[in-house]
Amino acid sequence: MNAGTHRPTIIEVDAQAIRENIHQELARMDRKSDLFAVVKADGYGHGLVQVAKFVSEAGATGFCVAILDEALELRTAGFTQPILILGIVEPKYAQLLAEQKISVAVGSCDWLKKAAPFVHGDEPVRVHLALDTGMGRIGFQDQDELKTALDYLQTHSDQFLFEGIFTHFATADETDDQYFKLQLSRFNAFMDVLPQRPRYVHVANSATSLWHKVCEGNMIRFGIALYGMNPSGKALSTPYKLKPAMAVTSELVFTKLLKKGRSVGYGATYTAQQDEWIGTLPIGYADGYPRCLQGFHVLVDGQSCEIVGRICMDQLMIRLPHDYTVGTKVVLVGKSGEQEIKMEDVAEAAHTISYEIACGFAPRIPRIYLHEEKS
Ligand SMILES: *Cc1c(COP(=O)(O)O)cnc(C)c1O
């Protein structure tokens, strides 16, 4: 897939914003704890290797990714820090994990048994046992299952290194903390059967770290907040101001005076009630700008302009307050004058979460890095 480098639609990623978000979190954290930056899904759309560099400069001591390929990309780029894969990796890749010193989430003893025959070198596979305390995704369901796996690890220490244990909360970003407390109590029950704590004990994603500081553990898996987005959307306010790292901008590539009664876009769903100026932008749903955002707005010259007509695959149309010249900058996410559109605003309008919008921007939009050199 080629990035559209000959088109004026770009994503700007502010390295300094990422560094500052990390600094702010580190300043709040227990000094003995590690911060692993979650850089899965191409760093939530911001660029895997670039983000890994910025967070390392800012004090992150490790990384979390979702799949083996992301971990390998970091190793290939020269990152030697600990990397934890949060998803299930097929047991047949166990030797590759071991060689590359990539840690992996393990949710069953069955996985260990299947992986063991593949591990034949000097290095063991670094294992983080996943505890399912209520997320219902991956992990051990009860203490007996956990004990079986712990026994297996002990008798197979040539193949495996028990490096970590963790859980994941399903509702840490909500005002009601009842389910959170239930999960925490289940986690503590698991910890009671653990004869000895491994190197890493971790329970916190961004939301847990921001709003449930009381929590256990000596490492946090810090994701969405490092990119400057509020994990709760608009539900809870953050203990410090997060700086959004991503801005999405484009330019008017065509403008016209649309006569009263003429329509715009597929389905002719928008009809001008009077003569009005319409601008066209070279970005559409193929770029990850959701089609359902018809009726939402963008910013031109510090003013809000409605998206009119259906969003097309590669273009969309907006209503302008007056004629603007082709080449005028348009902000889809970010600041323009006094106005700002946050990723959370876009997400709310699209009935989803900022995560999905950010990681959904296509490789077709080039990422441009600001403040890459640490000041
Ligand atoms: C993605 C993920 C995270 C990061 O969550 P944020 O809400 O982005 O901080 C942490 N832990 C696990 C297990 C994850 O899958």
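Nothing here was measured: the structure is a model prediction, and the numbers come from that model.

> Would you mind showing me how to read the pattern of salt bridges here?
Under the defined criterion, the tally for this structure stands at 20 salt bridges. Lys234 is the salt-bridge partner of Asp345, the closest N and O atoms lying 2.6 Å from each other. Remark: Lys234 occurs in the loop between strand S9 (219–222) and strand S10 (246–251) and Asp345 occurs in helix H10 (residues 343–349); sequence separation between them is 111 residues. Members of the salt-bridge network, linked through shared partners, are Arg7, Asp287, Asp314 and Arg364.

> Where do I start with the UniProt feature "binding site: substrate" (unreviewed entry) in the chain in this structure?
The UniProt entry lists Arg137 and Met313 under the feature "binding site: substrate" (unreviewed entry), expressed in the numbering used here. For the annotated residues, spread through 177 residues, the largest C-alpha to C-alpha distance comes to 33.6 Å, inconsistent with a single compact locus. Position of Arg137 relative to the elements: it lies in the loop between strand S6 (125–131) and helix H7 (143–155). Arg137 has contacts with Asp132 and His168, leaving out every residue within four places of it along the chain. Locating Met313 in the fold gives a position in the loop between strand S16 (303–308) and strand S17 (316–320). Taking the relative accessible area as the measure of exposure, Met313 reaches 43% and is therefore partly exposed. In this view, Met313 contacts Gly284, Tyr285, Ala286, Asp287 and Arg364; residues no more than four positions away in its chain are not counted.

> In this structure, what is going on with the site of the ligand? I would like to understand it.
Near the ligand you find Val38, Lys40, Tyr44, Leu86, Arg137, His168, Asn205, Ser206, Arg221, Gly223, Ile224 and Tyr355, and these make up its full shell. One nitrogen or oxygen atom from the main chain of Gly223 is found 3.1 Å from an oxygen atom belonging to the ligand. Ile224 is positioned with one of its backbone polar atoms (N or O) 2.7 Å from an oxygen atom of the ligand. When the ligand sits alone it has 390 Å² of accessible area, and the protein chains cover 93% of it. Per-class residue counts for the shell around the ligand are 5 nonpolar, 4 polar and 3 charged.

Rules behind the numbers
Residues numbered from 1 in each chain as written. Predicted model: local features only at pLDDT ≥ 70, side-chain atom pairs only at ≥ 80, totals over all residues. Heavy atoms only, no water. Salt bridge = Lys/Arg side-chain N within 4 Å of Asp/Glu carboxyl O. Helix = DSSP H or I, 4+ residues; strand = E, 2+ residues; numbered from the N terminus. UniProt positions renumbered as here; feature names shortened; annotations may be inferred. Contact = heavy atoms within 4.5 Å. Buried < 20%, exposed > 50% of the residue type's maximum accessible area, 1.4 Å probe, protein only. Near = heavy atom within 4 Å. Polar contact = N/O pair within 3.5 Å; in protein donor to acceptor, adjacent residues only side chain to side chain. Areas by Shrake-Rupley, 256 points an atom, 1.4 Å probe, with all protein chains shown as cover. Nonpolar A, V, L, I, M, F, W, Y, C, P; charged D, E, K, R; others polar.

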